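The chain contents come next:
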Amino acid sequence: MAVVGDLALMGTKISPNKLISKLEKRVFGVPVSSSQRFSFSHARNLEVIKKSRIAVKAVMQVGLEKIQSSSELKSLKEEYLGFDVVTERELKENGFLGLRKTKLVCTIGPACCSLDELEKLALAGMNVARLNMCHNSREWHQDVIRKIKMLNQEKGYSVSVMIDTEGNQIQVVDHGSSSSVKAEEDSIWYFTTEKFEGSRPFTIQANYEGFSEGVNPGDEIVIDGGMATFEVTERVGNDLRCKCVDPGLLLPRAKLSFWRDDKLLGRDCDLPTLSPKDWSDIVFGISEDIDFIAVSFVKDADAIKHLKAYLATKSSKAIKVLAKIESVESLRRLEEIVEASDGIMIARGDLGVEIPLEQIPSVQDDITYVCRQLNKPVIVASQLLESMVEFPTPTRAEVADVSEAVRQYADALMLSGESAIGSYGMKALSVLRTTSTRMEQSCREENRQTLLHQRKLGVSLPDQIAEQICNCAVEMADNLGVDAIFVYTRHGKMASLLSRNRPNPPIFAFTNDNSTRMALNLQWGVTPLLTDLSDDMEANVKKTVELIKAKGMIKADDAILVVSDIIPISTAQTIFQSIQVMTIA
């Protein structure tokens, strides 16, 4: 963002209401010099320093005039404001502070791919639908994507679409069954790269020609992070004869990892991050207008940079690229990967294969912290409610695991097999929703936000100003106890900076860009709304607040803090980075 004129805290008058009662002193709109400061009662001093040509003004809140006539009210109801039906319902039922802030991602599979099931998930709080490109046909994925978009367009939902690349890994191509196969203890199996059709008992086809190179008798093959384990008993040409030592389920496209003396063998280190199939899936995703691409088995930042450069030339919209952290290599280069990406997915299942299990909780905490510092959304994924694939009630340990992810301020939680193939996907989503809501309330009561210290990210002066505005805005919002934060943004930058501070009140991000709206579906505490925006910030604020008031979702004496990063197209408008504190008349 570029500052072309005044940076201001804008406003016109003070209304006698519940917010004013919280202030022991009133501060009116007067210029503030570089030596002056102003503070609100019960708040830390908020210093505003005059730099270069930037003039800073401090003012108070705006009391909006009431909508006067029924015809005006009717016209406002008819004007478009992009509230999705779920948020609108929750806001009317629970109020601002009752809105859930942690976002929910559901993997779509055979158990939930019908239009009816997808709508149930959307109604229950699904913010992002994930499609795992390891499974199902291209036609199947296309059908699901178009159903989701139809629900958004015709039913008023706002569900983003994410594709998750298969990645280059050594995995099962086929084991003779369309579903899972049980490997019994002491049963003998052959692992081969030989191509065959149909069923071949006790035979597993691997996808990588050199998968057996360097593997010796006595080594172990672990399936999908521990679903089953085989001991290599003999090499037969390029194939391996193995005995099942830990019985379990073999799923289609299961990942193979190789171990020797309790140490992981790096069998797929030389494979590129994105396979030819991945590139084909990415082209498909672009054609279907998806919102996110999650890249599997990222080893360094180069693959993410390469993909983002490719998308910039091939896609007219800003598709966000997430890096999945699921290997030792990705942990070693964590910060550079986070900086290069638009977000992170912590794939704990595969990650748990490569590092000791007891390290998973602390590593999850570390990754989440780095993402917060670098202002990138983070999804905690894999085995959150694994028991609910088969059972209608989660274990208490699983609920505690979900609660801890929320306490760490992860932006989103993800269901995998629970929703894709489980019999209780809706119940699993309900557990995520209720558990995250309860833990958010607990964190708010503890006022844990004051313990968080943010890294400075801005390099240019305008970016530093935007960052400081958002930091101060959240501190003001929490200390003043406002009901909501409104941010007006074209590209979502200041909405994400506000989210990074994890404020108590919810954030409503008004944007005129649908790509921005769908991308913000992964940001903690942000409700993105699609609406027309003009250079006139006062007009934007007045219009959107009156629209929400007309819908009955905001009431008199509600207090709102307003932030804007709208860069004016014309030079007539010079104030665009601003904070307002307003109350509803």
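As recorded in an unreviewed UniProt entry, the protein goes by Pyruvate kinase and comes from Nicotiana tabacum. In the Catalytic activity (unreviewed entry) part of its UniProt record, the protein is described as follows: "pyruvate + ATP = phosphoenolpyruvate + ADP + H(+)".

(A) Representation of the packing of aromatic side chains in the model. Under the defined criterion, the tally for this structure stands at ten aromatic pairs. Between Tyr 409 and Trp 524 the ring centres are 5.8 Å apart and the planes differ by 85°, which places this aromatic pair in the edge-to-face class. Of this pair, Tyr 409 sits in the loop between helix 11 (396-407) and strand 21 (412-415) while Trp 524 sits in the loop between helix 16 (514-519) and strand 24 (526-530), and the two are 115 residues apart along the sequence. Residue Trp 524 is classed as buried on the basis of its relative accessible area, which comes to 3%. Aromatic rings pair up to connect Phe 96, Phe 486, Tyr 488, Phe 508 and Phe 510 into one cluster.

(B) Up close: helix 13 (residues 425-446). Under the 1.5 Å per step criterion, the end-to-end length of helix 13 is 32 Å for 22 residues, consistent within 8% with the ideal 32 Å. Lining the buried residues of helix 13 we find strand 4 (103-107), helix 3 (115-123), helix 11, strand 21 and helix 12 (417-420). Directly beyond the C-terminal end of helix 13, a positive phi value near 55° is found at Asn 447.

(C) Inspection of the pairing of strand 23 (residues 507-511) at higher detail. Summarising burial for strand 23: five of the five residues are buried, a large majority. With burial as the criterion, each face of strand 23 is covered, one bearing Ile 507, Ala 509 and Thr 511 and the other bearing Phe 508 and Phe 510. When strand 22 (residues 484-488) meets strand 23, the two strands line up parallel, connected through four bridges. Each bridged residue has a counterpart across the sheet, and for Phe 486 the counterpart in strand 23 is Phe 508. As a crossover connection, the stretch from strand 22 through helix 15 (residues 493-500) into strand 23 is right-handed.

(D) Inspection of the side chain of Thr 368 at higher detail. Tracing the backbone through its elements, the reader meets Thr 368 in helix 10 (residues 360-373). Exposure remark for Thr 368: the relative accessible area of 1% places this residue in the buried category. At a separation of 2.8 Å, a polar atom in the side chain of Thr 368 contacts the main-chain carbonyl oxygen of Gln 364. With near-sequence residues (within four places) excluded, Thr 368 lies in contact with Ile 346, Val 378, Gln 408, Tyr 409 and Ala 410.

(E) Expanded view of the pattern of salt bridges. With the rule as written, the count across this model stands at 23 salt bridges. Between Glu 288 and Arg 146 there is a salt bridge whose closest N-O contact spans 3.0 Å. In this pair, Glu 288 is assigned in the loop between helix 5 (276-287) and strand 17 (292-295) and Arg 146 in helix 4 (residues 138-155), connecting sequence segments 142 residues apart. Take Glu 288: its relative accessible area is 8%, and that puts it in the buried class. Among the residues examined, Arg 146 registers a relative accessible area of 47% and is labelled partly exposed. Salt bridges sharing common partners tie together Arg 138, Glu 166, Lys 277 and Asp 281.

(F) The arrangement of the packing of helix 4 against helix 5 in detail. It is the contact of helix 4 with helix 5, at a shortest axis distance of 11 Å, that shows an interaxial angle of 30°. By the angle between their directions, the pair helix 4 and helix 5 is classed as roughly parallel. Every pair of crossing elements has a handedness; the one defined by helix 4 and helix 5 is right-handed. Touching Arg 138, His 141, Gln 142 and Ile 145 of helix 4 are Ser 280, Asp 281 and Phe 284, all from helix 5. Split into classes, the residues belonging to the contact of helix 4 with helix 5 amount to two nonpolar, three polar and two charged.

The rules behind the values
- Residues numbered from 1 in each chain as written.
- Predicted model: local features only at pLDDT ≥ 70, side-chain atom pairs only at ≥ 80, totals over all residues.
- Heavy atoms only, no water.
- UniProt positions renumbered as here; feature names shortened; annotations may be inferred.
- Phe/Tyr/Trp six-rings, centres within 6.5 Å; stacked < 30°, edge-to-face > 60°.
- Helix = DSSP H or I, 4+ residues; strand = E, 2+ residues; numbered from the N terminus.
- Buried < 20%, exposed > 50% of the residue type's maximum accessible area, 1.4 Å probe, protein only.
- Expected span 1.5 Å × (residues − 1).
- Contact = heavy atoms within 4.5 Å.
- Pairing = 2+ DSSP bridges.
- Right-handed = clockwise from strand over helix to strand, strands pointing away.
- Polar contact = N/O pair within 3.5 Å; in protein donor to acceptor, adjacent residues only side chain to side chain.
- Salt bridge = Lys/Arg side-chain N within 4 Å of Asp/Glu carboxyl O.
- Axes fitted to C-alpha atoms, helices over the stretch in contact; angles between N-to-C directions.
- Parallel < 35°, antiparallel > 145°, perpendicular 65-115°, else oblique.
- Left-handed = near helix turned anticlockwise from the far one by under 90°.
- Nonpolar A, V, L, I, M, F, W, Y, C, P; charged D, E, K, R; others polar.

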